[in-house]
There are 2 protein chains.
Amino acid sequence: MAFDFGALLEKMKMLLASDHASIVSINLFVALICACIVIGHLLEENRWMNESITALTIGLCTGVVILQISGGKTPHIFMFSEDLFFIYLLPPIIFNAGFQVKKKQFFRNFMTIILFGALGNLISFITISLGAIGIFRKMNIGKLEIGDYLAIGAIFSTTDSVCTLQVLNQDEMPLLYSLVFGEGVVNDATSVVLFNAVQNFDLSHINTTIALQLVGNILYLFISSTFLGFIAGLFSAYVIKKLYFGRHSTDREVAIMILMAYLSYMVAELFSLSAILTVFFCGIVMSHYTWHNVSENSRVTTKHTFATLSFIAEIFIFLYVGMDTLDMEKWKFVSDSPGISVKVSSILLVLVLVGRAAFVFPLSFLSNLTKKSPDEKIDFKQQFTIWWAGLMRGAVSMALAYNQFTKGGHTQLRGNAIMITSTITVVLFSTVVRDLNFLLTFDNLEKE
Amino acid sequence: MAFDFGALLEKMKMLLASDHASIVSINLFVALICACIVIGHLLEENRWMNESITALTIGLCTGVVILQISGGKTPHIFMFSEDLFFIYLLPPIIFNAGFQVKKKQFFRNFMTIILFGALGNLISFITISLGAIGIFRKMNIGKLEIGDYLAIGAIFSTTDSVCTLQVLNQDEMPLLYSLVFGEGVVNDATSVVLFNAVQNFDLSHINTTIALQLVGNILYLFISSTFLGFIAGLFSAYVIKKLYFGRHSTDREVAIMILMAYLSYMVAELFSLSAILTVFFCGIVMSHYTWHNVSENSRVTTKHTFATLSFIAEIFIFLYVGMDTLDMEKWKFVSDSPGISVKVSSILLVLVLVGRAAFVFPLSFLSNLTKKSPDEKIDFKQQFTIWWAGLMRGAVSMALAYNQFTKGGHTQLRGNAIMITSTITVVLFSTVVRDLNFLLTFDNLEKE
């Protein structure tokens, strides 16, 4: 492979260059994360709050304070960086999800999960894209290309698996948890694949060949990413069993597990596969094989280390989203016509709900046809919960939206600015509203 | 405090900006670290090798391969970044050292350690500076200022506490370990303080007032840094005990411990204190108080997590130093006159040995005068080991040398280039030679 070393090295230099300024921001973020943990703990008993809402709120407040200090200028510390997200924050979250998932439930519902995550996501993508084309074209929101509409479909088809983990309880509702969460992960992968396809394919001349290529591409990515995850997990199990690190040191075992997991993600990124799928399956295999080959101390350590890293990354993301909300540049365009922005956000929310409804109920019906025992069937209440639980849009949507609608973090076009602000609105609104209502839903479910 | 937000944000943006190139380098580094761990494990039985030499060797080999691929150009991926080192790699290493140190031994020898680390370092600093002024001025190595000579004194007075940890065994030789390691930590702090003083004070008009100011400054830094570390440790213990996180989640306890430790380091950096001292004492207090307030699972997890993070950071540093060695730019100047470079390196090595001898033996004598029991006295063989064990110069020396003698990673002046290459030579030579001989020394010690 011919790497572009010049570019690589320039990047690395930039990445490593930092000074007093970065010390200030690290201090700020670490202190805020501590505050979120403490406050989240104190509010544990209060079921109307959770860590994600706390972090969002604290992020917003900090944003206001910094904006005051800096005199109302646009502090670009608030810029959401896809790379920070995809290289450092997402891997521990998804890996931990795979590592802690109840594998029995997950594999029992495997076909349903794939059905929801892949086919369902496609249905939702088509629904939202068509809806956006139909409605937004008639509105005065600046020029958007066909690629932009399809991107909107992909952006709003990802559910937020991170939040789902915080709201659903694996032990109390194993079936729902594995369905909603499994769908979320597969769903993320499908959306990222669709999004890349939309960006790379020539969409002005869609025909059967290109459509087939697209489908083939998606299948290839699914299979190769999953395969890579399995291989990485099995390889780590083999190395640890064969070399028997525990004889000399627990730390080597823990280090190898952390590094191999991260390596599986980065290798998938390197080959432009779906790194989310890879690291998720790597997590599953590692918890099933590798984890049983290490010493008792390593087992306790890895279990809690992975959970802690994922926990910190989640809080960081919500803080970031909260602070980013106040970046003024993109609200400038919107402030001229606040009505349109509210309209666009509402339309998107409705499209999201319609898009989800368009696959959850039909596919649940299909899935129920294949099950014999009534326990395994998804009853209407559960279908409703799946539909509702997947409403939340999160960090993946944000990252994709920034990727599509900004150039180097700046938003120059009116249409793009409106899409970015609408994405933020949908993410914030769906997170807060769903969290609150979801708890109510569960109260009802539990009481029965 | 009036932060420069514009600069801060620009930095943050640069820091977060990355692309495909950084994915390649992350892949490379993670894979190499895995390789170092596996090879280091396989060579465990071989006492002539250890993880640091393995990492140095692998780093060198990789450097050669990349140099071949990139066609002999200067790949600046090899540039040693002080910030990467001081912000991400050093904190876990020093914190873990404090966390795992045998506190009883450490505090019993506290006065001796401070004597060696502070006064001894000063003696070594003066010896090396005077020697450098006396010898290098007469040689043809380009223009060096008085500040440069003093910087050389500070650079070569730090011993490498990281390597010491790998070679000495805490359980077999508790007295020696606590002396050599404790000296190393205090020593690092003194050198960094001296180095900053040399850079900031006007050295052309040294008089008694400025000298007193300097001493006062050093004392202030020592006391305030240590105090901050204690406070941070005690505060974490209080928060965890008071809030009783374990009731709800182990992960919160672990997260709070990690974040508070890192925060203590970063706050010290923010106020330009000696962050090394702060995080070291924070580690001691945390292992003494906080650690006993958390749940059993958290105890196992934190102990091994800190050790693992420190382990990975150490390997990363040695890989980096190994790869950095091949950066061609600085060898360009030296290749015209290889004789001078060898001479300079040899002279520096001799100065380092003389500088250490000038304080280890007199101060041991002083320390012995205050001890009554013969067990507590440092006999000649132990003095010799302390002298020899502190020979190694490591990553702190490298970082300070790059700080003093390069501008933005580039070496333009002949004198500066020679100093950089000599520092690398001394670090590599002392690491390899000492490691090998040290094992022999220990064989002898153990046999008696």
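Residues numbered from 1 in each chain as written. Chains lettered and ligands numbered in written order. Predicted model: local features only at pLDDT ≥ 70, side-chain atom pairs only at ≥ 80, totals over all residues. Heavy atoms only, no water.

Novice: Quick rundown of helix 13 (residues 296-324) of chain B? Include the residues and the values.
Specialist: Spanning 29 residues, helix 13 of chain B covers 42 Å between terminal C-alpha atoms, matching the ideal 42 Å at 1.5 Å per step. Among the 29 residues that make up helix 13 of chain B, 24 are buried, leaving the element largely enclosed by the rest of the structure. (Helix = DSSP H or I, 4+ residues; strand = E, 2+ residues; numbered from the N terminus. Expected span 1.5 Å × (residues − 1). Buried < 20%, exposed > 50% of the residue type's maximum accessible area, 1.4 Å probe, protein only.)

Novice: Describe the environment of Asp375(B), and please don't skip the residues or the numbers.
Specialist: Residue and element names in this part refer to chain B. The topology assignment puts Asp375 in the loop between helix 15 (338-370) and helix 16 (380-389). Exposure remark for Asp375: the relative accessible area of 70% places this residue in the exposed category. Separated by 150 residues in sequence, Asp375 and Ser225 place their C-alpha atoms 32 Å apart.

Novice: Describe the pattern of salt bridges, with residues and values.
Specialist: All names here are of chain A. Across all of its chains, the model carries four salt bridges over all chains by this definition. Between Arg299 and Glu296 there is a salt bridge whose closest N-O contact spans 3.7 Å. Taken together, the residues Arg299 and Glu296, both in helix 13 (residues 296-324) and three residues apart, mark about one turn of the helix. (Salt bridge = Lys/Arg side-chain N within 4 Å of Asp/Glu carboxyl O.)

Novice: Kindly report on the packing of aromatic side chains, identifying the contributing residues and their values.
Specialist: Under the definition given, this model contains 34 aromatic pairs over all chains. Here Phe116(A) and Phe359(A) contribute two aromatic rings whose centre-to-centre distance is 6.2 Å and whose plane-to-plane angle is 90 degrees, an arrangement assigned as edge-to-face. Highlighted residues: Phe116(A) in helix 6 (residues 110-136) and Phe359(A) in helix 15 (residues 338-370), separated in sequence by 243 residues. Considering the side-chain rings of Phe361(B) and Phe380(B), the 5.9 Å spacing of their centres and the 25 degrees angle between planes classify their relative orientation as stacked. With Phe361(B) in helix 15 and Phe380(B) in helix 16, the pair connects residues that are 19 residues apart, well separated along the chain. Under the relative-accessibility criterion, Phe380(B) is labelled exposed at 57%. These aromatic residues form a ring-pair network of at least three members: Phe106(A), Phe107(A), Phe110(A), Phe230(A), Phe280(A) and Phe281(A). We note Arg299(A) situated over the ring of Trp291(A); from NZ or CZ to the ring centre the distance is 5.9 Å. (Phe/Tyr/Trp six-rings, centres within 6.5 Å; stacked < 30°, edge-to-face > 60°. Lys NZ or Arg CZ within 6 Å of the ring centre and 35° of its normal.)

Novice: Please set out the nonpolar core residue by residue, giving values where relevant.
Specialist: In terms of nonpolar packing, the biggest core is built from 260 residues, with Phe136(A), Ile152(A), Phe136(B) and Ile152(B) touching the most fellow members. In contact with Ile152(B), not counting residues within four places along its chain, are Ile128(B), Ala132(B), Phe136(B), Leu348(B), Phe405(B) and Met419(B). (Core = buried A, V, L, I, M, F, W, Y, C linked by side-chain atoms within 4.5 Å. Contact = heavy atoms within 4.5 Å.)

Novice: Kindly report on the side chain of Gln404(A), identifying the contributing residues and their values.
Specialist: All names here are of chain A. For Gln404, the position within the fold is in helix 17 (residues 395-405). Taking relative accessible area as the criterion, Gln404 reaches 14% and is therefore assigned buried. Only 2.7 Å separates the side chain of Gln404 from the side chain of Asp148, close enough to count as a polar contact. Residues in contact with Gln404, not counting those within four places in the same chain, are Gly147, Asp148, Ala151, Phe195 and Gln199. (Polar contact = N/O pair within 3.5 Å; in protein donor to acceptor, adjacent residues only side chain to side chain.)

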